[in-house]
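# Structure assessment
Given next are the chains, with one letter for each unit.
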Amino acid sequence: MKKILSFTLKFLISGGLLLYLFQFSDIVDVSGVVSTLKHTKLPLFVIAFFVYLNVIFISTQRWSLFLHEPVKYTRLLSLHFIGSFFNTFLPGIVGGDAVKAFYLYKDIGKGSHSVISVFIDRYMGFSAMIFIGFIAFIGGFFYIKGTEIVWIVPVLCGGFILVSLVLWKLNWGKIKFLNSFYIPLMGYKSKKKLIYKGLLLGIAVQVINIMSVYILSLAIGLKVPIIYFFIFMPVINTVSAIPISIAGLGLRETSFAALFNIVFAKVGVTPDQAVGLSVLVFINVCLVNLIGGVEYLRIKKLPKKKSLKSEV
């Protein structure tokens, strides 16, 4: 019942935001968005698809760094695709990260380690995203100077640092039910080389993700300096990740429209075009993550094995 209520609430929030954006606001016109999408250049869209596909491959490699038990890369890739599928198509009912952790637990027989590996992998990804946003903010300050955006990235970075300090500096192990999670997690503090590798792979993931969005912008005829995407996408992805909507729907489109509307005088991108780009990004993500649905059906048909452990 809680999951049903959660999904219903997320559905209402996503629907409400989209309804406001398209029906009641004076910012976006549906016909303008449709017109933008109609002019999509298919070859560039296909390129963006394959570029984004690499996000899954590299993210899987990053996840493998934080496993104590040897698991085949192909198995982890399968679980990553499946988790991405659940995150995109069944949000609020079954979380993709929970699915990944569950299947990994079935493979290695260690529940806490499975959860921790997924958590630290997510944390590394978010750390890399914040780092990219901060560097782009400094390097591209000239492009956003004088706009409301100049305070968004610093606030985002400051919030992330604060949350990190709370996570890593406070002793959450004193809380009994968190003990089995907290103690192994803190073990990563001494593995600096591992953390650096994870961060580098996370940066690679973010750069590839941003490049795919940039290619999609070219596909609909936008001519926006790439620095804007390096500044905007960490903000948009952070907002979209807030667990109050269905797969970020509504939050993502509103963020695209708001940010590009702020810099309209500099880049000439209308809110209709910005939302059109957002929709195209979502379609691209859905198409890639559909692979996870096919993979889920495939492994469900496989005969059960006692263990899937193997060398990486």
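Residues numbered from 1 in each chain as written. Predicted model: local features only at pLDDT ≥ 70, side-chain atom pairs only at ≥ 80, totals over all residues. Heavy atoms only, no water.

Here we take up the overall build of the chain. Tallying secondary structure elements over the chain gives 14 helices and zero strands in all. Reading the secondary structure of the chain in the N-to-C direction produces α-α-α-α-α-α-α-α-α-α-α-α-α-α. With respect to the three principal axes, the spread of C-alpha positions in the chain is 55 × 45 × 40 Å. With 312 residues in all, the chain has 47% of them scored as buried. Counting contacts in the chain only where the partners sit at least 6 residues apart, residues at least 24 apart contribute 75% of the total. Carbon and sulfur atoms make up 71% of the accessible area of the chain, which amounts to about 16,100 Å² in all. Both charge centroids of the chain, one from 31 positive and one from 11 negative side chains, sit 11 Å from each other. (Helix = DSSP H or I, 4+ residues; strand = E, 2+ residues; numbered from the N terminus. Buried < 20%, exposed > 50% of the residue type's maximum accessible area, 1.4 Å probe, protein only. Contact = heavy atoms within 4.5 Å. Areas by Shrake-Rupley, 256 points an atom, 1.4 Å probe, with all protein chains shown as cover. Lys, Arg positive; Asp, Glu negative; His and termini not counted. Charge placed at Lys NZ, Arg CZ, Asp CG, Glu CD.)

A few words now on the packing of aromatic side chains. On inspection of all chains with the given rule, the structure shows 18 aromatic pairs. Taken together, the aromatic side chains of Phe142, Tyr143, Tyr214, Tyr228, Phe229, Phe232, Phe256 and Phe260 make up a single cluster linked through ring pairs. Its end group placed over the ring of tryptophan 63, lysine 100 keeps NZ or CZ at 4.6 Å from the ring centre. (Phe/Tyr/Trp six-rings, centres within 6.5 Å; stacked < 30°, edge-to-face > 60°. Lys NZ or Arg CZ within 6 Å of the ring centre and 35° of its normal.)

Along the chain, arginine 298 turns up in helix H14 (residues 271–301). Since its relative accessible area comes to 41%, arginine 298 is described here as partly exposed. With 220 residues separating them in the primary sequence, arginine 298 and serine 78 have C-alpha atoms 9.9 Å apart.

Bringing the environment of tryptophan 63 into the picture now. Relative to the helices and strands, tryptophan 63 is located in helix H3 (residues 42–65). Sequence separation between tryptophan 63 and glycine 125 is 62 residues, and the spatial gap between their C-alpha atoms is 9.8 Å. Each residue touching tryptophan 63, except ones within four places of it in the same chain, is listed here: Leu76, Leu79, His80, Lys100, Leu104, Ser117, Val118 and Asp121. A polar contact of 3.2 Å, which involves the side chain of tryptophan 63, links it to the side chain of serine 117. (Polar contact = N/O pair within 3.5 Å; in protein donor to acceptor, adjacent residues only side chain to side chain.)

Here we take up unusual backbone geometry. Of note, the phi angle at alanine 247 is positive, near 55 degrees, even though the residue is not glycine. One can find alanine 247 in the loop between helix H11 (226–241) and helix H12 (251–262).

Turning our attention to the confidence of the model for the chain. When pLDDT is averaged across the chain, the result is 88; 95% of the residues are at 70 or more. Here residues 306–312 is modelled with pLDDT under 50, and outside its nearest four sequence neighbours on either side it reaches 15 contacts, counting other chains as well. (pLDDT = per-residue confidence, 0-100.)

Of all the residues in helix H9 (residues 179–186), the buried ones are Tyr182, Leu185 and Met186. Each buried residue of H9 sits inside an arc of 95 degrees when the element is viewed along its axis, so together they form one side. In this fold, the buried residues of H9 make contact with helix H6 (111–139) and helix H8 (152–169). (Arc of directions from axis to C-beta.)

For the pair helix H10 (residues 192–219) and H14, interaxial distance at closest approach is 10 Å and the crossing angle is 125 degrees. Accordingly, the angle class assigned to the pair H10 and H14 is oblique. Considering how the two elements wind past one another, H10 and H14 form a crossing that is right-handed. Counted together, Val213, Leu216 and Ser217 of H10 and Leu277, Leu280, Val281 and Asn284 of H14 form the full contact between these two elements. Per-class residue counts for the contact of H10 with H14 are five nonpolar, two polar and no charged. (Axes fitted to C-alpha atoms, helices over the stretch in contact; angles between N-to-C directions. Parallel < 35°, antiparallel > 145°, perpendicular 65-115°, else oblique. Left-handed = near helix turned anticlockwise from the far one by under 90°. Nonpolar A, V, L, I, M, F, W, Y, C, P; charged D, E, K, R; others polar.)

Look at H6 against H11: their axes get within 8 Å of each other, and the N-to-C directions meet at 140 degrees. Between H6 and H11, the angle falls in the class oblique. Note on packing geometry: the crossing formed by H6 with H11 is left-handed. The segment H6 lies against H11, with Phe126, Met129, Ile132, Gly133, Ala136 and Phe137 engaging Ile227, Phe230, Ile231, Pro234, Asn237 and Thr238. Here the contact of H6 with H11 is composed, by residue class, of nine nonpolar, three polar and no charged.

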